[in-house]
Amino acid sequence: MATSAVAQATVFALRQKIARIEGTLPERLVPSAEARAGEGTVLMRRHGIAAEPCLATGAQAFDAALGGGLPLAALTEIHGTETRDAGAATGLALALTGLLLAQARQRTPMLWIGTAEIFREAGMPYAPGLCARFGIGADEVLIAEAPRLADALWIAEEAAGLKAFSAVLLEIRGNPQKLDLTATRRLHRRALGAGRPVFLLRQAARPEPTAAPLRLVVSPATAAPRHTIAGPLAGSIGPPGFVVRIDKSRLALPGQFTLEWNADERSFSERQQPAFGPADSGAVVSASLHGAHPAPAAGAVVAFAAAGGPPAAGRQPSRKEHAAHRSPRRAG
């Protein structure tokens, strides 16, 4: 037994050294002995430690960086660092939920939990859009609007332990003190027990210590043109794009990917090239054809002098200089 342990430690040390040279992680998910024997098909092991099954997104490089995909039975953080990133962060969470429903043997509804503040800021879910873009029917979404953050956390904790939901989505704005390490640890344990994912959607928040094994920071990407048989269609808008950065993971190295969501095939793909190439960084509005270039004159003109010379210091403009005063205001 001692000889076997020494040999295993030596092999593990060699794997770590090779991984440092290659720039990859030594912790690779491999099927357990029970899975190879046919006795268990969902358990995976990483050097003897049981790991959760994963949700493959379809983007091969992104899935490989995560060790096979997103953990199914776990708490996953999806961050939008600014308020304007709310659409991208929410879209990624809904796309993952739609992908989960598409691969499920039995479709069960999802629960979307949010406070009154977040629904006022980001808006309420739009049922036709959920069905058309993500394949989530109106009868597959349950919405819980809580007046306080404590109520939203309680609902999420109770729902995370139920197997009647395909996923639980908790949307919170900012960095409240009640969403601490203890609260996220309880959510993660409930997700592990039920075998269902819990997505913690954080809008306009900064990363902080939590119990989630995976944190993704999301921002919108420029949509590429639509692809046709003849090539990219100029002037068109293709699938929505997401810039996804792996900010924290127990199995993955930090990295950034640009993903596109295919609403028809319900899968992600990785964009290999920029949407518009080098020309995208140039000017978006051309200069006037006959007039002078506006850049040199920017900030030079501060006011127009009145007729008859410059006004004296402290002089107020007359009524003739205000054309709006000549006609009465429109009432109604």
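A few points on the structure. (Residues numbered from 1 in each chain as written. Predicted model: local features only at pLDDT ≥ 70, side-chain atom pairs only at ≥ 80, totals over all residues. Heavy atoms only, no water.)

1. Brief notes about empty space enclosed by the protein
Then comes step 1: Evaluated as defined, the whole model comprises one cavity of 30 Å³ or more.
Then comes step 2: In this structure, the largest cavity occupies an estimated 40 Å³ of space.
Then comes step 3: If you trace the largest cavity, you find it lined by Thr57, Phe62, Leu70, Leu92, Leu96, Leu216, Val244, Leu259 and Phe268.
Then comes step 4: Tallied by class, residues from the lining of the largest cavity come to eight nonpolar, one polar and no charged. (1 Å grid on protein atoms, 1.4 Å probe; cavity = no way out; pocket = protein on both sides within 12 Å on 5 of 7 lines; lining within 4 Å. Points joined across faces, edges and corners; volume = space filled by probe spheres on them. Nonpolar A, V, L, I, M, F, W, Y, C, P; charged D, E, K, R; others polar.)

2. Remarks on the sheet that holds strand β9 (residues 168-173)
Then comes step 1: Ordered in space as β8-β7-β9-β10-β6-β11-β14-β15-β16, the nine strands form an open sheet in which the pairing is mixed. The open sheet has two free edges, formed respectively by β8 (141-146) and β16 (267-270), since each of these has just one partner strand. Averaged over all neighbouring strand pairs, the angle between strand axes comes to 25°, with direction disregarded.
Then comes step 2: Pairing between β9 and strand β10 (residues 198-203): six bridges, direction parallel. Residue Leu169 lies in a different strand from β10, and its bridge partner there is Phe199.
Then comes step 3: Each of β6 (75-80), β7 (110-115), β9, β10, β11 (214-221), β14 (241-249), β15 (255-262) and β16 is contacted by helix α4 (residues 86-103), which is oriented at about 170° to β10, the strand it contacts most. (Pairing = 2+ DSSP bridges. Helix = DSSP H or I, 4+ residues; strand = E, 2+ residues; numbered from the N terminus. Axes fitted to C-alpha atoms, helices over the stretch in contact; angles between N-to-C directions. Contact = heavy atoms within 4.5 Å.)

Shape descriptors only; they carry no functional weight alone.
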